[in-house]
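Inside the fold
Below are the chains, spelled out letter by letter.
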Amino acid sequence: MHDISADILALSSEAAILSRHGLVSFANPPACQILGDDCKGKNLKELFGPDVAETQASSFIIDQPFGSSHYAVRVNRFEDGKIIFLRRCGSSPLLLNDALIFSLRSSLMNFSVSAELLRSRAEESGSPELLASLGSITHSYYQMMRVLTNASTVMSMTEGTLVFAPEQHDIAAFVTALADTVGLLFPQVEISLSCDKLHPIIIDIQLVELLLLNLISNCLTHARGCTRVSINLMETKESLIISVDDNGCGIAPECLGSVFDRYCHGFDMDNMLSGAGLGLTVARSVAHLHGGTLLLESRQGKGTTVRVSLSRRTGSILRSPQESWNTGMQSILTGLASCLPDSCYTEKYMD
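Residues numbered from 1 in each chain as written. Predicted model: local features only at pLDDT ≥ 70, side-chain atom pairs only at ≥ 80, totals over all residues. Heavy atoms only, no water.

This paragraph deals with the overall build of the protein chain. Tallying secondary structure elements over the protein chain gives 11 helices and 12 strands in all. Buried positions account for 48% of the 351 residues belonging to the protein chain. Accessible surface for the protein chain amounts to roughly 17200 Å². Of this, 54% is attributable to carbon and sulfur atoms. (Helix = DSSP H or I, 4+ residues; strand = E, 2+ residues; numbered from the N terminus. Buried < 20%, exposed > 50% of the residue type's maximum accessible area, 1.4 Å probe, protein only. Areas by Shrake-Rupley, 256 points an atom, 1.4 Å probe, with all protein chains shown as cover.)

The structure is reproduced here in structure tokens:
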């Protein structure tokens, strides 16, 4: 297995290494450029950390920093070894700038104001058809806001202009309230939460909310057959670990390598209406800001687990001002717009 795998990896243009018994036994030239020419023989944990070295999943992907760049590290286990591929993340920039974002936000604001005027007229008339159409229009507004929020967040993080304002929060109480609200909006899906007794943690709560909503939205949008979403919180001395797990269709192995920058790749018609492919990119970037990582394990036909670590050593970073964030129900309606029905975009929920 060693000789055959090494021969194959030597021909790969993608950075690749082979490890056995926790040590690097082979690294092709692209991998040596990233890890150093002396990486052969080194301990896997020393090079990649415990997540890559100790995770027992048969295949998974995690983001890892090497130098000033982040890489998608894709791991496949075999017997007593691992084959690991590395690919630099975020090679294709988003085609956005401040003027375009301002123009889109202005148009969406006019869209919202007009919709509210129509809402009052529709309620006066009591027409079910008008109210249903208005719900659809409002839903489309929130879908566009979700895409714009994710896209502008990725752009701001890439350019280093996003405000990062961590404060101390009771994360257990926050996630409990969020899970309860999502459960009310999705009675057909079991939303469960488990957590140990957690200490308060210093985080940017609005960014962590954005992270969680993107992970939950991915479960409910892309995991066909999903009937359960489980959220688990636990802590170590150094980190808070957030796991989001679903029992849906899983991700095909050939698609696993591009999940962190899916927006850079083509879409088939089945996925064209399910968002811009930015959810995991946003979640990964939020984890980076908190000194953490994101690991994704998917079992095709059984489900997907995303595990995010947030460092307890997060500190404040001074950035340029950003636009204010929505909170509460408005942010949930935006964050889950790709999977909620039109009926959630009525006065009952929006008030």
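Now, onward.
Our next topic: the environment of Arg 307. Note on placement: Arg 307 falls in strand 12 (residues 303-311). Sequence separation between Arg 307 and Ile 62 is 245 residues; the distance between their C-alpha atoms is 9.2 Å. The residues contacting Arg 307, other than those within four sequence positions of it, are Asp 51, Thr 55, Ile 241, Ile 242, Ser 243, Thr 293, Leu 294 and Leu 295. Only 3.2 Å separates the side chain of Arg 307 from the side chain of Asp 51, close enough to count as a polar contact. (Contact = heavy atoms within 4.5 Å. Polar contact = N/O pair within 3.5 Å; in protein donor to acceptor, adjacent residues only side chain to side chain.)

Axis separation between helix 8 (residues 205-222) and helix 9 (residues 279-289) bottoms out at 9 Å; the angle between their running directions is 145 degrees. By crossing handedness, the relation of helix 8 to helix 9 is classed as left-handed. Counted together, Leu 207, Val 208, Leu 210, Leu 211, Asn 214, Leu 215 and Asn 218 of helix 8 and Gly 279, Leu 280, Val 282, Ala 283, Val 286, Ala 287 and Leu 289 of helix 9 form the full contact between these two elements. In terms of residue class, the contact of helix 8 with helix 9 is built from 11 nonpolar, 3 polar and no charged. (Axes fitted to C-alpha atoms, helices over the stretch in contact; angles between N-to-C directions. Left-handed = near helix turned anticlockwise from the far one by under 90°. Nonpolar A, V, L, I, M, F, W, Y, C, P; charged D, E, K, R; others polar.)

Here the focus is the pattern of salt bridges. All told, the structure shown has 8 salt bridges when counted by the stated rule. For Arg 228, the salt bridge identified is with Asp 245, shortest N-O distance 2.9 Å. Taken as a pair, Arg 228 in strand 9 (residues 228-235) and Asp 245 in strand 10 (residues 239-246) lie far apart in primary sequence, 17 residues in all. Looking at Arg 228, the relative accessible area reads 24%, which means it is partly exposed. Using a relative accessible area of 17% as the deciding quantity, one classes Asp 245 as buried. Residue Arg 299 pairs with Asp 245 through a salt bridge whose shortest N-O separation is 3.7 Å. (Salt bridge = Lys/Arg side-chain N within 4 Å of Asp/Glu carboxyl O.)

For the rest of this paragraph, the subject is the packing of aromatic side chains. The final tally for this structure, using the stated rule, is 5 aromatic pairs. A ring pair is formed by Tyr 141 and Tyr 142, whose centres lie 5.2 Å apart and whose planes are at 85 degrees; its orientation type is edge-to-face. Arranged with centres 5.1 Å apart and planes meeting at 45 degrees, the rings of Tyr 142 and Tyr 345 form a pair that is tilted. Remark: Tyr 345 occurs in the loop between helix 10 (329-335) and helix 11 (347-350) and Tyr 142 occurs in helix 6 (residues 128-159); sequence separation between them is 203 residues. The burial state of Tyr 142 is the same as that of Tyr 345; both residues are buried. An aromatic cluster of at least three residues, connected via ring pairs, comprises Phe 111, Tyr 141, Tyr 142 and Tyr 345. (Phe/Tyr/Trp six-rings, centres within 6.5 Å; stacked < 30°, edge-to-face > 60°.)

The next subject is the nonpolar core. Residues Phe 186 and Leu 336 are the most contacted members of the largest nonpolar core, which totals 69 residues. Setting aside residues no more than four positions away along its own chain, Phe 186 makes contact with Leu 220, Leu 336, Cys 339 and Leu 340. By size, the runner-up hydrophobic cluster in this structure holds 22 residues, among which are Ile 17, Val 52, Val 75 and Ile 84. (Core = buried A, V, L, I, M, F, W, Y, C linked by side-chain atoms within 4.5 Å.)

Okay, the confidence of the model for the protein chain next. Detailed reading of the predicted model is not advised wherever pLDDT is low. Mean pLDDT for the protein chain: 83, with 86% of residues reaching 70 or above. Note on residues 265-274: pLDDT under 50 across the span, and 12 contacts to partners over four residues away in sequence or across chains. Across residues 316-326, where pLDDT falls below 50, the model places 22 contacts with residues more than four positions away in sequence or in other chains. (pLDDT = per-residue confidence, 0-100.)

Attention now goes to unusual backbone geometry. Positive phi is not limited to glycine here, since His 21 has a value of about 55 degrees. Relative to the helices and strands, His 21 resides in the loop between strand 1 (15-20) and strand 2 (23-27).

The buried count for strand 5 (residues 81-88) comes to 6 of 8 residues, which makes it a mostly enclosed element. Sheet analysis places strand 1 next to strand 5, joined by 6 bridges and oriented antiparallel. Note on strand 5: the bridge partner recorded for Leu 18 is Ile 83. Across 8 bridges, the pairing between strand 4 (residues 69-78) and strand 5 is antiparallel. By the bridge assignment for strand 5, Arg 74 is matched with Phe 85. Two successive antiparallel strands, strand 4 and strand 5, enclose a turn made up of 2 residues, where Glu 79 displays a positive phi of approximately 40 degrees. (Pairing = 2+ DSSP bridges.)

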